Amino acid sequence: MISYRRCGRSGLLLPDVSLGLWHNFGDVDDPKAARDMIVRAFEAGITHFDLANNYGPPAGSAESNFGKIFHENLAAHRDEIILSTKAGHTMWAGPYGEWGSRKHLLASLDQSLARMRVPYVDIFYSHRPDPDTPLEETMSALATAVQSGRALYVGLSKYPLPMLREAVEILRSMGVRTLIYQPPYSILNRWPEAEGIHAWLEENGIGSIVFSPLAQGMLTPKYVDGIPEGSRAARSEGFLQESQVMAQQEKIRALQHIANDLGMPLHYLALRWALQQQGVTSAIIGARTVAQLDDNLAALNVPNLSAETLQAIDAIAPALHKEHAEA
Ligand SMILES: NC(=O)c1ccc[n+]([C@@H]2O[C@H](COP(=O)([O-])OP(=O)(O)OC[C@H]3O[C@@H](n4cnc5c(N)ncnc54)[C@H](OP(=O)(O)O)[C@@H]3O)[C@@H](O)[C@H]2O)c1
C-alpha cells in the first residue's frame, strides 16, 4: 500500500512510489496500456507523475499523451496530483533546444504546459547540470518559473554535490527553496550515497526522489538468464543496453539468491532496499503493463530488510563513487 512521506522540510507529501513516464508512454507505445497504468496508479494512491520534455519517443509525446489521458480521466482530480516536468536534455534542434540557458528552460516549460494542456506544473526541474552556463542563469530560470506561476516548486536532477550546494544557495538568495533532488539510485548504482549527497540533502531539508530503483528492469528476475524478448534491453528505443545487463549479470544472480532465501522476487528486494535508504523520499518506478505496476505495488507490503540482509547486499554491490559505478 502506498504511504506518503514529507519531502524534506517542506509542506509537500509525496507517495513513497511515484510513476515515471520516460519509457512506455510515447507515440510508439500502446495507448491503452498507458491510459490503464496512469489511471490504475492514481486509483492506487500514486499521486505523483514524473515527466520531462523529451520523454517519448518521439520527444514530447509522453507529455502530449499524459495530457490527453489526464483530461479524459483525471482532470477533476488536478488538486490531488503532483505533476513534474524537466528541461535540459536535448529537445529540439539548434542552439536553444537543450542545456541550462534561461532561453531553453523557460521556452521548454511553456511547451510542456502546452503539450499537457495545464496552466502550471507542481515541480519543474533542471534535468542535468550545464558545465557552460553560469549557475546563476539556470537558477534564475527556475526562480522565474515559480515567480511567474508556471511551477509551484523547483528541483535539480543529477547535479554533483559541489554544484548542487551552490545551486541551492543561489536559489535561496533568489527567495526560492529547492524542494527536491532527483538522482539515479538502486542497489546497482549507489553513487549519490557514496558521494554523501543523501546525507547532505537530509541535513539541508531537501527531499530526494530516486529514479530507476529497479535499474531499468535489471533488478527484476527477467535478466537472470539473458535478454528476454520485449524487455527494455531488447527494444531498439530502450535506453538499457545489452552490454550493461551483461556487465551486471554476476551481481544480479547473487542478489537473486538473497531474494530467493527471503522468499521474495528480486524487484521486491530492490524496491524495499531503495525506500529504506537514508534520505529517500520517494522512488520513481517505470512500468510497461498494469500487471508490472500492480506487482510493484505489492512489493510495498514487504517489511524492512534486516541489518543482516543489508550487509549481504553491501558485500555484493557496495556504494561506489560515480567514476566506479557501472549501472
Ligand atoms: N532525472 C533523470 O535524468 C531520469 C533518468 C531516468 C529516469 N528518470 C525517471 O525515473 C522513472 C523510472 O525510470 P525507469 O523506468 O528506469 O525505472 P525502473 O523502475 O528501474 O525500471 C522500469 C522497468 O523495469 C521493468 N519492470 C518494472 N516493474 C517490473 C515488474 N514488476 N516485473 C518485471 N519487470 C518490471 C520494466 O521494463 P521492461 O520494459 O523490460 O519490462 C520497466 O519499464 C522514469 O520514467 C523517469 O520518470 C529520470
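Relevant structure appears above.
Now for a description of the structure that goes with this document. (Residues numbered from 1 in each chain as written. Predicted model: local features only at pLDDT ≥ 70, side-chain atom pairs only at ≥ 80, totals over all residues.)

Quick look at the overall build of the protein chain
The helix and strand tally for the protein chain stands at 11 helices and 10 strands. Its C-alpha radius of gyration of 19 Å places the protein chain within 12% of the 20 Å reference for a compact globule of 327 residues. Taking the principal axes of the C-alpha coordinates as reference, the protein chain spans close to 55 × 40 × 35 Å. Per-residue burial over the protein chain gives 47% buried out of 327 residues. The contacts in the protein chain between residues at least 6 apart in sequence include a share of 77% that link residues at least 24 apart. (Helix = DSSP H or I, 4+ residues; strand = E, 2+ residues; numbered from the N terminus. Rg over C-alpha atoms; globule rule 2.2 N^0.38 Å. Buried ≥ 20, exposed ≤ 12 C-beta atoms within 10 Å, placed from the backbone. Contact = placed C-beta atoms within 7 Å.)

Some points on the pairing of strand β8 (residues 178-182)
Of all five residues making up β8, five are buried, and the element is well covered by its neighbours. As paired elements, strand β7 (residues 151-157) and β8 share four bridges and run parallel to each other. Looking across to β8, one finds that Gly 155 is bridged to Ile 180. Taken together, β7, helix α5 (residues 161-173) and β8 form a β-α-β motif whose crossover is right-handed. Note: β8 against strand β9 (residues 207-211), two bridges, orientation parallel. Each residue of the ladder has a partner; that of Tyr 181, found in β9, is Ser 208. (Pairing = 2+ DSSP bridges. Right-handed = clockwise from strand over helix to strand, strands pointing away.)

Looking at the site of the ligand
In the vicinity of the ligand there are 30 residues, among which Gly 20, Trp 22, Phe 211, Gly 217 and Gly 286 approach most closely. Top element by residues in the shell around the ligand is helix α10 (residues 290-298). It accounts for three residues. For the shell around the ligand, the residue count by class is nine nonpolar, 15 polar and six charged. (Near = placed C-beta within 6 Å. Nonpolar A, V, L, I, M, F, W, Y, C, P; charged D, E, K, R; others polar.)

Observations concerning the environment of Asp 27
Counting through the fold element by element, Asp 27 comes out in the loop between β3 (17-20) and α1 (31-43). A residue is classified by how many C-beta atoms lie within 10 Å of it, and Asp 27, with 13 of them, is partly exposed. As a C-alpha pair, Asp 27 and Leu 105 span 78 residues in sequence and 24 Å in three-dimensional space. Contacts of Asp 27, omitting those with residues within four sequence positions, involve Gly 56, Pro 58 and Ser 61.

What about the sheet that holds β9?
Strand order in the closed barrel formed by eight strands is β3-β4-β5-β6-β7-β8-β9-β10, and the pairing between neighbours is parallel. Direction aside, neighbouring strands of the sheet carry axes that sit 30° apart on average. Pairing geometry for strand β5 (residues 82-87) and strand β6 (residues 121-126), over four bridges, is parallel. Looking at β6, one finds that Ala 87 is bridged to Ser 126. Contacting β5 and β6, helix α3 (residues 102-116) runs over the sheet at an angle of about 140° to β5. Across the sheet, helix α9 (residues 266-276) lies against β9 and β10 (280-285), angled at about 150° from β10, the strand it touches most. (Axes fitted to C-alpha atoms, helices over the stretch in contact; angles between N-to-C directions.)

Topic: unusual backbone geometry
In this chain, Gly 56 is followed by Pro 57 through a cis amide linkage whose omega measures -5°. Each neighbour pair has its own omega, and for Pro 57 with Pro 58 the value is -5°, a cis peptide bond. With respect to the helices and strands, Pro 58 occurs in the loop between β4 (48-50) and α2 (61-74). Notably, Ser 212 is not glycine yet its phi reads approximately 55°, a positive angle.

Considerations on the environment of Lys 86
As for its placement among the helices and strands, Lys 86 is situated in strand β5. Owing to 27 C-beta atoms within 10 Å, Lys 86 belongs among the buried residues under this scheme. The contact partners of Lys 86, leaving out residues within four places of it in the chain, are Ala 52, Asn 53, Tyr 125, His 127 and Ser 157.

What about the pairing of β5?
The buried fraction of β5 amounts to six of the six residues, a majority that puts the element mostly inside the structure. Residues Ile 82, Ser 84 and Lys 86 point to one face of β5 and Leu 83, Thr 85 and Ala 87 to the other, with burial holding for every one of them. In this structure, β4 lies alongside β5, joined through three bridges in parallel fashion. Residue pairing across strands places Phe 49 opposite Leu 83, the latter belonging to β5.

With respect to helix α4 (residues 135-147)
Compared with the 18 Å implied by 1.5 Å per residue over 13 residues, the 18 Å span of α4 between its first and last C-alpha is a close match. Listed as buried for α4 are Thr 138, Met 139, Ala 141, Leu 142, Ala 145 and Val 146. For α4, the angular spread of buried residues about the axis comes to 150°, placing them on one side. Residues of α4 that are buried make contact with α3, β6, β7 and α5. (Expected span 1.5 Å × (residues − 1). Arc of directions from axis to C-beta.)

Things to note about helix α8 (residues 242-262)
Between its first and last C-alpha atoms α8 spans 28 Å; for 21 residues at 1.5 Å apiece the expected length is 30 Å, and the two agree. For α8, every residue scored as buried is listed here: Val 245, Gln 248, Ile 252 and Leu 255. In this fold, the buried residues of α8 make contact with α9 and α11 (307-316). One or two steps after α8, the chain reaches Gly 263, where phi turns positive at roughly 70°.

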